[in-house]
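Listed here are the chains, written in short residue letters.
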Amino acid sequence: MSNHVKIVAVLTARPDKAADLRQLLDGMLAPSRGEPGNLRYDLWVDQADPARFVLDELYVDEAAVAAHRASPHFQAYLTRVGDLAERSAFVLNPEAVA
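Rules and cut-offs
- Once a new chain begins, its residue numbering starts again from 1 and follows that chain's sequence as written.
- With the structure being a predicted model, the display of local features is reserved for residues of pLDDT at least 70 and the display and counting of side-chain atom pairs for 80 or more, all residues being used for whole-chain, interface and lining totals.
- The basis for the side-chain values is all heavy atoms of the structure; hydrogens and waters are excluded.
- Helical segments are the DSSP runs of H or I of at least four residues, strand segments are the runs of E of at least two, and each set is numbered from the N terminus.
- Exposure classes here rest on a 1.4 Å probe applied to the protein chains alone. A residue is buried below 20% of its type maximum, exposed above 50%, and partly exposed in between.
- Note on contacts: a residue pair qualifies if any of its non-hydrogen atoms lie within 4.5 Å across the two residues.
- Per-residue and other accessible areas follow the Shrake-Rupley method at a 1.4 Å probe size, with only the shown protein chains counted as cover for residues.
- Working convention for charge: Lys and Arg count positive, Asp and Glu count negative, and His plus the chain ends are omitted.
- Here the site of a charge means NZ on Lys, CZ on Arg, CG on Asp, or CD on Glu.
- Expected helix span is computed as 1.5 Å times (number of residues minus one).
- Regarding the arc, it is the one traced by the directions from the helix axis to the C-beta atoms.
- For helices, the axis comes from a line fit to the C-alpha atoms of the stretch in contact; other axes are also lines fit to C-alpha atoms, and the angle between any two N-to-C directions lies between 0 and 180 degrees.
- Throughout this description, any angle smaller than 35 degrees is read as roughly parallel, any larger than 145 degrees as roughly antiparallel, any in the 65 to 115 degree range as roughly perpendicular, and the remainder as oblique.
- In this count, Pro and Cys sit with the nonpolar residues alongside Ala, Val, Leu, Ile, Met, Phe, Trp and Tyr, while Asp, Glu, Lys and Arg are called charged and the others, Gly among them, polar.
- A strand pair is defined by DSSP finding two or more bridges across the two strands.

Participant: Whenever I open this one, the overall build of the protein chain confuses me. Can you help?
Facilitator: Check the secondary structure of the protein chain and you find 3 helices and 4 strands. Helices and strands in the protein chain line up, N terminus first, as β-α-β-β-α-α-β. Along the first, second and third principal axes, the C-alpha set of the protein chain runs to 45 × 30 × 20 Å. Taken over 98 residues, the protein chain has a buried fraction of 33%. Residue pairs at least 24 apart in sequence account for 67% of intrachain contacts in the protein chain once pairs closer than 6 positions are excluded. For the protein chain, the computed accessible surface area is about 5900 Å², with 55% contributed by carbon and sulfur atoms. Considering the protein chain, the positive charge centre built from 10 side chains and the negative charge centre built from 14 side chains are found 2 Å apart.

This is how it looks when you write it as structure tokens:
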């Protein structure tokens, strides 16, 4: 079994903050995808609620997650996201993944 680590983050924009949240999330795509330990960094939007976004992230291991969290772009994201969205994040280990 691999040491891959998946993170799923669900972000629901605060009232009148959806456009700002989308801009913040869009700004995370290229730098996060460019990290050496990143295998996937995808942004999804809920069909039923365009103010709800889902980040689907996959890293080679825990060290890659730690490097992502220490990165300047993630630290900048953390300073802003709380004002823009309610956020839930789940860190998942592979159990039965094809």
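Participant: How should I be thinking about helix α1 (residues 18-33) in this particular structure?
Facilitator: Side chains that are three or four residues apart share a direction in an α-helix, a result of its 3.6 residues per turn. Along its 16 residues, α1 runs 22 Å from first to last C-alpha, staying within 8% of the 22 Å computed at 1.5 Å per residue. Those residues of α1 lying buried are Leu21, Leu24, Leu25, Met28, Leu29 and Ser32. Looking down the long axis of α1, one finds its buried residues gathered within 160 degrees of arc, a one-sided arrangement. Opposite the packed face of α1, turned more than 90 degrees from it, sit the exposed residues Ala19, Gln23 and Ala30. In this structure, the buried side of α1 is in contact with β1 (5-13), β2 (38-45), β3 (52-59), α2 (62-70), α3 (72-84) and β4 (85-92).

Participant: Please clarify how the packing of α2 against α3 should be interpreted in this entry.
Facilitator: Any two packed helices are characterised by the angle at which their axes cross and by the distance between the axes. Running from N to C, α2 and α3 point in directions that differ by 60 degrees, and their axes come no closer than 5 Å. As the angle between them shows, α2 and α3 are arranged oblique. Between α2 and α3, the residues in contact are His68, Arg69 and Ala70 and Pro72, His73, Phe74 and Gln75, respectively. The class makeup of the residues in the contact of α2 with α3 is 3 nonpolar, 3 polar and 1 charged.

Participant: I'm lost on the sheet that holds β1 in this one. Help?
Facilitator: Hydrogen bonding along the main chain pairs the strands of a sheet, whether they run parallel or antiparallel. Judged by pairing direction, the sheet is antiparallel, and its 4 strands sit side by side in the order β2-β3-β1-β4 without closing on themselves. Unpaired on one side and paired on the other, β2 and β4 mark the two borders of the sheet. With strand direction ignored, the average angle separating the axes of adjacent strands in the sheet is 15 degrees. Strand direction decides the pairing type here: β2 and β3, joined by 7 bridges, are antiparallel. Across the sheet, Val45 pairs through a bridge with Phe53, a residue of β3. Strands in contact with α1 are β1, β2, β3 and β4; relative to β2, the strand with the most contacts, it is inclined by about 160 degrees.

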